[in-house]
Amino acid sequence: MTRPLQPEPPRRERRSQSPPSPQDPKDLERLYVITGGTDGGERAPLDLVTLIVARSEPKPSAPPEQAAVLRMCRTPLSTAEISAYLNLPFSVVTVLLGELLAAEQVQARAPVIRGAVADRSLLEAVMHGLQKL
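Residues numbered from 1 in each chain as written. Predicted model: local features only at pLDDT ≥ 70, side-chain atom pairs only at ≥ 80, totals over all residues. Heavy atoms only, no water.

(A) Region of interest: the overall build of the protein. Each helix and strand counted, the protein has five helices and three strands in total. Across the protein, helices and strands are ordered from the amino to the carboxyl terminus as α-β-α-β-α-α-β-α. Across the 133 residues of the protein, 26% fall into the buried class. A fraction of 66% describes how many contacts in the protein between residues 6 or more apart in sequence connect residues 24 or more apart. Of the accessible surface of the protein, which amounts to about 10,800 Å², a share of 55% is contributed by carbon and sulfur atoms. (Helix = DSSP H or I, 4+ residues; strand = E, 2+ residues; numbered from the N terminus. Buried < 20%, exposed > 50% of the residue type's maximum accessible area, 1.4 Å probe, protein only. Contact = heavy atoms within 4.5 Å. Areas by Shrake-Rupley, 256 points an atom, 1.4 Å probe, with all protein chains shown as cover.)

(B) Here's a closer look at the pattern of salt bridges. On inspection of all chains with the given rule, the structure shows two salt bridges. With its nearest N and O atoms 3.0 Å apart, the salt bridge here joins Glu124 to Arg120. Taken together, the residues Glu124 and Arg120, both in helix α5 (residues 120-132) and four residues apart, mark about one turn of the helix. Given a relative accessible area of 63%, Arg120 falls into the exposed group. (Salt bridge = Lys/Arg side-chain N within 4 Å of Asp/Glu carboxyl O.)

(C) Just helix α3 (residues 79-86), in detail. Residues of α3 that are buried: Thr79, Ile82, Ser83 and Leu86. Summarising the axial view, the buried residues of α3 lie within an arc of 100°, below the 170-degree limit, and thus occupy one face. Exposed residues pointing more than 90 degrees away from the buried face of α3 are listed as Ala84 and Tyr85. Elements in contact with the buried residues of α3: β1 (51-54), α2 (64-72), β2 (77-78) and α4 (90-102). Asn87 occupies a position one or two residues after α3 and carries a positive phi of about 55°. (Arc of directions from axis to C-beta.)

(D) Layout of the packing of α2 against α4. It is the contact of α2 with α4, at a shortest axis distance of 10 Å, that shows an interaxial angle of 75°. Regarding the angle of α2 to α4, the classification is roughly perpendicular. Side by side, α2 and α4 meet where Glu65, Gln66, Val69 and Leu70 of the first sit next to Leu96, Leu97, Glu99 and Leu100 of the second. Taken together, the residues that form the contact of α2 with α4 break down as five nonpolar, one polar and two charged. (Axes fitted to C-alpha atoms, helices over the stretch in contact; angles between N-to-C directions. Parallel < 35°, antiparallel > 145°, perpendicular 65-115°, else oblique. Nonpolar A, V, L, I, M, F, W, Y, C, P; charged D, E, K, R; others polar.)

(E) Main features of the pairing of β1. Neither face of β1 is left uncovered, since the one carrying Leu51 and Val53 and the one carrying Ile52 and Ala54 both have all their residues buried. Sheet topology note: the β1/β2 ladder contains two bridges and is antiparallel. Bridge pairing in β2 links Ile52 to Leu77. The pairing of β1 with strand β3 (residues 106-109) spans four bridges and is antiparallel. (Pairing = 2+ DSSP bridges.)

The values are spatial; any link to function lies outside them.
Shown next, in the form of structure tokens:
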């Protein structure tokens, strides 16, 4: 008795762990076009954890990368996440975000940092509430 042949499951190719290096002239041209040819000399003071929130919907005439940022940032996203999702270098993303900030289409916020020490009155209120149980 022979067993029927079962097809092999499809195999996925592994993606490279690092983003492609912009050494190819086509990649460099693309980045130049995305940034509008600016060198980012007047970049907004953004770091990797700055949260970006869209203030408006993308205009029909908006470049695709800016429209993608506005759609992504309906909820707060860090600049590092935006860079990763768009698969663009952080420096290019800061130029894009600088243009959107200047046009007041996005808002930049510092991340919320939790206090290192809990408020004593809150802890006492919780303790008294637990004792009453």
